[in-house]
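Descriptive analysis of the structure
Here are the chains, one letter per residue:
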Amino acid sequence: MRRVGPRSWMSHAYSVAEFVLPFLIIAGLWELLVRAGAVTSPSFPAPSTILVKLWTLATGRGVLWKHLSESLYRLAVGYALSAGAGLLLGTLLAMQRTLREMFAPILSLLISVPTIAWVPVFLIILGLGDRTVIMAVFLGGFFAITYNTIRGIEMVDENHVRAARIMGASGPRLFAAVLLPGSLVSILTGLRLGIGYAWRALVGGEMLSAMISWGIGKMIYQARFWNDVVAMFVGLMIIGVSGLALDRGLLRWLERATIEKWGMLTEG
Amino acid sequence: MSYRKLLLPLVPIALFLVGWELTARFELINAALFSSPSRIWRDLVTLHTRGLPERSLLLTHIGASLWRVFIAALIGTIAGVIGGVLMGTNRYIRRFFDPVITVLMPIPGIAQAPLFIIWLGFGDPTIITVGAIATFFPIAYNTAAGVRSVDQQLVRAARTMGASWANTLISVYLPWAAGYVLSGLKLGWARCWRTVIAVEFIAAASWGLGFMIWDAAEYIRSGVVYGGILLLMLIYFAIEKALIGTIEARTIRRWGMVRT
């Protein structure tokens, strides 16, 4: 149960402060080292320089938002495709034993290939643009979602399935009323893992696709040509924070709204 | 039963390969882009034999990648276990590094690579460093969780009976946390493998499977690209079966910590 009131607000603020503190300490020490002249190499810019850069990129012409929105668009399309396809294929394989025995081993072979290694294949087949990146995002999320959907449905209590069957449920009804709720914990784990993989695949795909000019991955890659270490740091910061925000914001919210609310998961 | 389990997956694989080969032969698909099983085989064999009296190009690529993965995994594992133990036993260290790890973990290795290229240059130093970092996070995280799960009664008992801190660590903490540590190792090494291949795409000077695939893609030698991916699958599969299986059998299985 979430408690609303000054106390929960205080503890929330406290945990935020506890989370931010280590970064402040690291940045502070680093800043001191640079200011004191112990670190002079331009390859190690001071945190203040990085923040100023972040500010200039985020305001004015707003290049940063263009990069970020392009990335998020690709992520949304690719991830939506992978969630749809993963849930569908996972359900199919979990419910059809012969199909599962045919394809599950192939799936585990394909999982072992780093998503980024498929990018050259897509570059050859789909060209150097958006489609390749979206395909990489799709593939990044797809396996984790499929795998966890299969596992979740397999773990549904056999008795519940039998009871539903006796009472005449089958096919889509059985899926919606018994299998889906029963496997939701695992499916959400898959969705959560999936968005992490998809996010990483997105950044890698953007770096490798030559014909796209916007995106967070591209921003870092372009910085390489100017040896612009400051821009690289800004890019890495954005990637870390956005990845975290996607996980905590979107997927945690989804978990709270479903399985925690329905009491299927004790908060740990 | 296991007979059926072995044979069934071969059906779609065989159908797929035959279909691929036939559509390429009859030029229903563009063989320059999609290649074909026989072309892949030919390209890989050529890559193996071309430089042969001195060295096989293919094996040198594979060897370079495996060597990098090995070194990176070694460094990352040692650092990860030490970091995990520190985080698991000391509250302040944990509170400090928990947020740092949480933010740094979702950053893919390939995105860190440009920075390390500037610091360390192209080639092994960058690839191994980024690989080691990728290995470190999951191992440290899981080791810390494992160490924290240790029953404090056991620790107190051991200390009372005169065990030193190092002694307690080795004979109480590590066996107890072994399950966690092992799943950390699995995750960490898998990540190490992926990261090394990915970073080789942009940071390798001349060798490595990642470099081989990327180089072939730039010249649209699709046979080598597909062949490289096939090799990635087979090598990973072999390593996983050989390494992780053996370690599990020797430790937590033998100690009866998982159901077999």
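Since this is a predicted model, take the numbers as computed values, not measurements.

What counts, and at which threshold
- Per chain, residue numbering runs from 1 following the sequence as it is written.
- As a convention, the first chain written is A and the first ligand written is 1, with the rest following in written order.
- This being a predicted model, a pLDDT of at least 70 is required before a residue's local features are given, and a value of 80 or more before pairs of side-chain atoms are given or counted; all residues contribute to the totals for chains, interfaces and linings.
- Runs of E in the DSSP output that reach at least two residues are strands. Runs of H or I that reach at least four are helices, and both are numbered from the N terminus.
- Residues with at least 20 other C-beta atoms within 10 Å of their own are called buried, those with 12 or fewer are called exposed, and the rest are partly exposed. The C-beta atoms themselves are positioned from the backbone.
- Residues are defined as contacting one another if the C-beta atoms placed from their backbone atoms lie within 7 Å.
- Boundaries between domains were set according to an automatic or database domain assignment.
- Residue classes follow a fixed rule: Ala, Val, Leu, Ile, Met, Phe, Trp, Tyr, Cys and Pro count as nonpolar, while Asp, Glu, Lys and Arg count as charged, and any other residue, Gly among them, counts as polar.
- Fitting a line to C-alpha atoms yields each axis, with helices limited to the stretch in contact; the angle taken between N-to-C directions then spans 0 to 180 degrees.
- We call a crossing left-handed when the near helix sits turned anticlockwise from the far one by less than a right angle, and right-handed when that turn is clockwise.
- Multiplying 1.5 Å by the residue count of a helix minus one yields the expected span of that helix.
- Note on bend: at a given residue it equals the angle between the axes fitted to the 7 residues ending there and to the 7 starting there.

1. Things to note about the overall build of chain A
Looking only at helices and strands, one finds ten helices and zero strands in chain A. Start at the N end of chain A and walk to the C end: the helices and strands fall as α-α-α-α-α-α-α-α-α-α. Its C-alpha atoms put chain A at 75 × 55 × 30 Å along the principal axes. Counting every position in chain A, which comprises 268 residues, the buried fraction comes to 37%. The contacts in chain A between residues at least 6 apart in sequence include a share of 73% that link residues at least 24 apart.

2. Let's talk about unusual backbone geometry
Residues and elements named next belong to chain B. The phi dihedral of Glu27 falls on the positive side, at around 55°, and the residue is not glycine. By the secondary structure assignment, Glu27 is in the loop between helix 2 (10–25) and helix 3 (31–34). Phi is positive for Ser35, close to 55°, though the residue is something other than glycine.

3. Section: the domain arrangement of chain B
When cut into domains, chain B gives domain 1 (1–34) and domain 2 (39–152 + 179–240). Using C-alpha coordinates to define each centre, domain 1 of chain B is positioned 30 Å away from domain 2 of chain B.

4. Regarding the interface of chain B and chain A
Contacts between the two partners involve 43 residues from chain B, matched on the other side by 42 residues from chain A. Of all the elements in the fold, those that place two or more residues in the side of chain B that touches chain A are helix 1 (2–7), helix 2, helix 6 (91–104), helix 7 (109–120), helix 10 (165–203), helix 11 (209–218) and helix 12 (222–253) of chain B. Looking at side-chain class alone, the side of chain B that touches chain A contains 36 nonpolar, three polar and four charged residues.

5. Considering the packing of helix 3 (residues 63–95) of chain A against helix 8 (residues 171–208) of chain A
Residues and elements named next belong to chain A. The interhelical angle for the contact between helix 3 and helix 8, taken along N-to-C directions, is 145°, at an axis separation of 9 Å. Where helix 3 crosses over helix 8, the two elements pack in a sense that is right-handed. On helix 8, the residues that touch Ser71, Arg74, Leu75, Gly78, Tyr79, Ser82, Ala83, Gly86 and Thr91 of helix 3 are Phe175, Gly190, Leu191, Gly194, Ile195, Ala198, Trp199, Leu202 and Glu206. In the contact of helix 3 with helix 8, the residues fall into nine nonpolar, seven polar and two charged.

6. Remarks on helix 6 of chain B
Turn by turn, an α-helix covers 3.6 residues, leaving residues three or four places apart pointing in a common direction. Here helix 6 of chain B contains 14 residues, and its C-alpha end-to-end distance of 20 Å stays within 8% of the 20 Å for a straight helix at 1.5 Å per residue. Residue Phe97 of chain B marks the point of greatest curvature in helix 6 of chain B, where the axis turns by about 30°; the proline Pro99 of chain B follows within four residues.

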